[in-house]
Amino acid sequence: MDVPPPLPLDQARLRRIRSSGIPLMVAAARASAGESAWMERIQGLSEPARTLLEGPLGIDTWVDADLIAECLRHFAARTTMGSVPAALGAETARMRSPEAFRTPESLLLALPAMWAHAVEGGRLDVRLTGPGSAEVDVWADWDVPFFFQHHLVNWLTHGLRLTGAQDPEVACADAEPPRHAYRATWR
């Protein structure tokens, strides 16, 4: 499969993100921290960010990407987020698109459309490179290193596991923003 051309920086800029996983992630963080610790953690955020985290969101509400970036950077600097938010995100995607999770290949080939549905801006490309291996390129200009270095790696790993893949491993192979390259293997 040919490598798609680079995405120009103006097209790589993330503008809006659907709220699909935010309510579950907030609920997990809030329950894990306890109410008083949660309220203390969100105090350093701007008023719009606190409103986002405190208010009910529809499953497909568009949220400004910079607002989500503020929240993610804030929490990544104050707590170990681990793989739970990514696992919840993958589980949410499986509920929305169960057919994509039939096999590792079907999930990987569905990722560009899933990205396009969930994110305004950027692009996700997938190349199946052999039995049990693939390369994923995310073209995104968004100043949230945690998202690219941890969240996407954990989401892809958990997503592959949900397809029945054995021993899935995903690594960030290269990060030269706006391109973030990943290698995935599984049995």
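Quick notes on the rules
- Residues numbered from 1 in each chain as written.
- Predicted model: local features only at pLDDT ≥ 70, side-chain atom pairs only at ≥ 80, totals over all residues.
- Heavy atoms only, no water.
- Helix = DSSP H or I, 4+ residues; strand = E, 2+ residues; numbered from the N terminus.
- Rg over C-alpha atoms; globule rule 2.2 N^0.38 Å.
- Buried < 20%, exposed > 50% of the residue type's maximum accessible area, 1.4 Å probe, protein only.
- Contact = heavy atoms within 4.5 Å.
- Lys, Arg positive; Asp, Glu negative; His and termini not counted.
- Charge placed at Lys NZ, Arg CZ, Asp CG, Glu CD.
- Pairing = 2+ DSSP bridges.
- Axes fitted to C-alpha atoms, helices over the stretch in contact; angles between N-to-C directions.
- Polar contact = N/O pair within 3.5 Å; in protein donor to acceptor, adjacent residues only side chain to side chain.

1. Topic: the overall build of the chain
Then, in step 1: Broken down by element type, the chain carries eight helices and seven strands.
Then, in step 2: Compactness check: the chain gives a C-alpha radius of gyration of 16 Å against a globular reference of 16 Å for 187 residues, within 12% of the reference.
Then, in step 3: Sorting the 187 residues of the chain into buried and exposed places 45% on the buried side.
Then, in step 4: Considering only contacts within the chain whose residues lie at least 6 apart along the sequence, 64% involve residues at least 24 apart.
Then, in step 5: Between the averaged position of the 18 positive side-chain charges in the chain and that of its 23 negative side-chain charges there is a distance of 3 Å.

2. With respect to the sheet that holds strand 5 (residues 133–139)
Then, in step 1: Judged by pairing direction, the sheet is antiparallel, and its four strands sit side by side in the order 4-5-7-6 without closing on themselves. Across the chains shown, the open sheet's two edge strands, defined by having one partner strand only, are strand 4 (123–130) and strand 6 (169–176). With direction set aside, neighbouring strand axes in the sheet form an average angle of 20°.
Then, in step 2: In this sheet, strand 7 (residues 179–185) lies alongside strand 5 in antiparallel orientation, the contact comprising seven bridges. Each bridged residue has a counterpart across the sheet, and for Ala 134 the counterpart in strand 7 is Ala 184.
Then, in step 3: Each of strand 4 and strand 5 touches helix 7 (residues 104–118); the most contacted strand, strand 4, lies at about 165° to it.

3. What to know about the pairing of strand 6
Then, in step 1: Judged from the seven bridges that link them, strand 6 and strand 7 form a sheet pairing that is antiparallel. Following the sheet pairing, Ala 171 is matched in strand 7 by Arg 183.
Then, in step 2: Between strand 6 and strand 7, which pair antiparallel and follow one another directly, the connecting turn spans two residues.

4. Notes on the side chain of Arg 18
Then, in step 1: Within the element layout of this structure, Arg 18 appears in strand 1 (residues 16–18).
Then, in step 2: Of the polar contacts made by the side chain of Arg 18, one reaches the backbone oxygen of Asp 60; its length is 3.2 Å.
Then, in step 3: In this structure, Arg 18 is in contact with Asp 60, Thr 61, Trp 62, His 117 and Ala 118, ignoring residues within four places of it in sequence.

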